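# Understanding the architecture of this molecule
Okay, here's what each chain looks like letter by letter:
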Amino acid sequence: MEDDPFHIIIVGYGEIARLAHLPVLQSRSDSLVIGLVDTTFSEEELVSTNSVSGQTITPSPTILKFAAVNDAFEYFGSNIDAVSICTPQTATLSVARDVLKIATSSNESKLLGILLEKPPGEDVDDLKQTIQYGRSHGISMFTACHTTVCPARKVVDSWLFSDAAAGADCTNKSKAKNTICRRRLDSIHIIWKENVRKWHPGQVWISKECGGGVTDMLFNPISLIVSLFGLSFSSLPTTDLDENISGESIDQNRTIRLIKADLVRPCNWEAPISGCTELLMTVPLNDSTKGMLEMEVRILADFAFDYEPSSDYCNSEEIWNIEFVESVPKSDGSNHPSLTLKDGGAQAYIGSQKVTTEPTAEYPLRPEYEALYDQFLDLLQSHRSKSVDEAPSVVDCTTLAILKEIIRLGKYTVGPRFDF
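The paragraphs below set out a description of the structure included in this document.

Reading the values: rules and limits
Along each chain, numbering runs from 1 in the same order as the chain's sequence is written. Restriction of local features to residues with pLDDT of at least 70 applies here, the model being predicted, together with a cutoff of 80 or more for giving and counting side-chain atom pairs; totals for whole chains, interfaces and linings are based on all residues. To obtain the side-chain values, all non-hydrogen atoms of the structure were used and water was disregarded. The buried label goes to any residue with under 20% of its type's maximum accessible area, the exposed label to any with over 50%, and the partly exposed label to all in between, with areas taken from a 1.4 Å probe on protein chains only. Helix and strand assignments come from DSSP, with helices taken as H or I runs of at least 4 residues and strands as E runs of at least 2, each series counted from the N terminus. When DSSP finds two or more bridges between a pair of strands, those strands are recorded as paired. In this analysis, rings of Phe, Tyr and Trp, with Trp reduced to its six-membered ring, are considered paired at centre separations within 6.5 Å, and the interplanar angle assigns stacked below 30 degrees, edge-to-face beyond 60, and tilted for intermediate values. Look at NZ for Lys and CZ for Arg. If either is within 6 Å of the ring centre and within 35 degrees of the ring normal, a charge sits over the ring. Residues are treated as being in contact if the distance between any of their heavy atoms lies within 4.5 Å. To obtain each axis, a line is fitted to C-alpha atoms, and for helices this fit is confined to the stretch in contact; angles are then taken between N-to-C directions over 0 to 180 degrees. Roughly parallel here means an angle under 35 degrees, roughly antiparallel means over 145, roughly perpendicular means 65 to 115, and every remaining angle is called oblique. With the far helix as reference, a near helix turned anticlockwise by less than a right angle produces a left-handed crossing, and one turned clockwise produces a right-handed crossing. The nonpolar core is taken to be a set of buried Ala, Val, Leu, Ile, Met, Phe, Trp, Tyr and Cys residues, with the residues joined through side-chain atoms within 4.5 Å. We call two N or O atoms a polar contact when they sit within 3.5 Å, provided that within protein one can donate a hydrogen and the other can accept it, with sequence-adjacent residues counted only if both atoms are side-chain atoms. Any carboxyl oxygen of Asp or Glu within 4 Å of a side-chain nitrogen of Lys or Arg constitutes a salt bridge here. Working note: the arc is built from the helix axis to C-beta atom directions.

### Let's talk about the pairing of strand S4 (residues 82-85)
Covered by surrounding structure in S4 are Ala 82 and Ser 84 together with Val 83 and Ile 85, the residues of both alternating faces. Relative to S4, strand S1 (residues 6-11) runs parallel, the two sharing four bridges. Bridge pairing in S4 links Ile 8 to Ala 82. Of the pairings in the sheet, the one linking S4 to strand S5 (residues 113-117) comprises four bridges and is parallel in character. Across the sheet, the residue bridging to Ile 85 is Leu 116, located in S5.

### Some points on the packing of aromatic side chains
The full count for this structure, using the stated rule, is 11 aromatic pairs. Seen from their ring centres, Tyr 13 and Phe 41 are 6.1 Å apart, and the 50° between their planes marks the pair as tilted. On the criterion of sequence distance, the pair formed by Tyr 13 in the loop between S1 and helix H1 (15-26) and Phe 41 in the loop between strand S2 (31-37) and strand S3 (64-66) is long-range, its members being 28 residues apart. Like Tyr 13, the residue Phe 41 is buried in the burial classification. Seen in terms of ring centroids, Phe 142 and Phe 376 are 5.4 Å apart; in terms of plane orientation they differ by 50°. Their pairing is tilted. With Phe 142 in strand S6 (residues 140-144) and Phe 376 in helix H9 (residues 366-384), the pair connects residues that are 234 residues apart, well separated along the chain. For the pair shown, Phe 142 and Phe 376 are each scored as buried. Among the aromatic residues, ring-to-ring pairing joins Phe 66, Tyr 75 and Phe 76 into one connected group. For the cation-ring pair, Arg 18 lies above Tyr 13, with the distance from its terminal atom to the ring centre recorded as 5.9 Å. Here the basic side chain of Lys 342 rests over the ring of Tyr 349, its NZ or CZ set 4.6 Å away from the ring centre.

### What to know about the environment of Asp 216
Inspection of the secondary structure puts Asp 216 in helix H8 (residues 215-229). A residue is classified by how much of its surface remains accessible, and Asp 216, at 4% relative accessible area, is buried. Placed 187 residues apart in sequence, Asp 216 and Leu 403 show a C-alpha to C-alpha distance of 8.6 Å. Setting aside residues no more than four positions away along its own chain, Asp 216 makes contact with Lys 118, Pro 119, His 200, Trp 205, Ile 206, Gly 211 and Phe 305.

### Here's the deal with unusual backbone geometry
With an omega of -15°, the peptide bond between Lys 118 and Pro 119 qualifies as cis. Note on placement: Pro 119 falls in the loop between S5 and helix H4 (124-136). Even without glycine at this site, Asp 343 takes up a positive phi of about 55°. Structurally, Asp 343 is set in the loop between strand S13 (339-342) and strand S14 (347-350).

### A few points about the packing of H8 against helix H10 (residues 398-409)
Interaxial distance between H8 and H10 falls to 9 Å at its minimum, and their mutual angle equals 135°. As far as their axial angle goes, H10 and H8 are oblique. In terms of crossing hand, the pair formed by H8 and H10 is right-handed. Here Thr 215, Leu 218, Phe 219, Ile 222, Ser 223 and Val 226 of H8 come into contact with H10, specifically with Thr 398, Thr 399, Leu 400, Ile 402, Leu 403, Ile 406 and Ile 407.

### A closer look at the nonpolar core
In this structure, Leu 160, Phe 229 and Phe 324 are the most contacted members of the largest nonpolar core, which totals 113 residues. The element best represented in this core is H8, accounting for nine residues.

### Overview of the sheet that holds S4
With respect to topology, six strands assemble into an open sheet ordered S3-S2-S1-S4-S5-S6, the strand pairing being parallel. Of all the strands in the sheet, just S3 and S6 have a single pairing partner and so form its edges. On average, adjacent strands in this sheet sit at an angle of 25° to one another, irrespective of strand direction. Two elements, S1 and S2, share six bridges in a ladder whose sense is parallel. Looking at S2, one finds that Ile 9 is bridged to Gly 35. Contacting S1, S2 and S5, H1 runs over the sheet at an angle of about 175° to S1. Strand contacts of H4: S5 and S6, with the helix running at about 145° to S6, the strand carrying the most contacts.

### Some thoughts on the side chain of Arg 28
For Arg 28, the location among the structural elements is in the loop between H1 and S2. Since its relative accessible area comes to 18%, Arg 28 is described here as buried. Of note is the side chain of Arg 28, whose polar atom sits 2.8 Å from the side chain of Asp 30.

### As for the pattern of salt bridges
For the structure on display, the rule yields 14 salt bridges. Between Asp 216 and Lys 118 there is a salt bridge whose closest N-O contact spans 3.7 Å. Of the two residues, Asp 216 sits in helix H8 while Lys 118 sits in the loop between S5 and H4, which places them 98 residues apart along the sequence. There is no split in this pair, since Asp 216 and Lys 118 are both buried. One salt-bridge network, held together by shared partners, links Arg 28, Asp 30 and Asp 374.

### Let's talk about helix H2 (residues 69-76)
Among the residues making up H2, those that are buried are Val 69, Ala 72, Phe 73, Tyr 75 and Phe 76. Projected down its long axis, H2 carries its buried residues within an arc of 165°, all on one side. In this structure, the buried side of H2 is in contact with S1, S2, S3, S4 and helix H3 (89-104). Once H2 finishes, Gly 77 follows within two positions and takes phi at roughly 60°, a positive value.

### Focus: the pairing of strand S7 (residues 185-193)
Across eight bridges, the pairing between S7 and strand S12 (residues 319-326) is antiparallel. The residue bridging Ile 188 from the neighbouring strand is Phe 324, located in S12. As paired elements, S7 and strand S11 (residues 291-304) share seven bridges and run parallel to each other. Residue pairing in the sheet places Lys 193 in a bridge with Ala 304 of S11.

See the structure below:
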């Protein structure tokens, strides 16, 4: 029935699943979390899978727990509508392939969609193939990054783009590619710093090469910029490349590529913990006097996973800022005020004037995950209501490609030991 809540299982029950995914889904009337899958559950917590498969679903204060995806599908049968994968990136695509294999090998499966928490995998080609396999088998794929739906997103859309584009669907890449910037930008400055011990307590996997280190965090601001401008990744100047690393055809007017990266890797880590990068974005500009032009914008990022507040810089426990700087002065020669996002996009300032009205949430990720699930469940609803040959999906391969390039080509300095 179209009005029935979507039955969802969450795979990976770590920090982000406990603090964001589960409480958001439990607060909704159109979703019902029926199972959790995690290898760390004790034997006493696990459901026996010796029961008859295809259990009738009834709301319950107790969510059933499983050690493996296969066990959950065996127990619930065709009653699973969607899967949210919240594992470390080292396991994400392996789990996704397991889910797709189970769903596509059963004539009774009613699986509508899969959500991939960021980062959505380790390898871009693998991500592209997994997504295409799901879509071609009628399963919607959704790569989730909470900053793309930050509370100040509409302010940014309105400030950057033509009035007609303001408020456009911010995660739909095809719609983003129809928006034209109306401000000549000089640069975009990212300062993104936090303490990994707070946000990833005890998660040593993130320090490994496959964990990505600080690029796990850098995913947030980069994905917002990619989403805003509908960017494709280019590992070479656009004149030398017809297809980007995600397998999508490159829009020559909307690309992003790495210029340089300086990274610091602790002596006991395999991945970087901090660094600075320069990226170059090429996008169309609707100039008020010269018409349509091509605009190149530098993106400068300063980021750290070992940040400690200091009175001489900033007392905040985290710095999550993005500043958009215009290059054309006013008629009187003074500079236009920059647009700055703070608190990870919860607040927006034009110059020194705050233009957002709501306070930052006590748990700032909560409203963003509410917005993500609005979009994911809307996607599932549209899928449920009509039969499709290729499932509607919202996918970003570009951000992962950029971050992998930073790790691959960055210049490394070995820093002091850093323990969790």
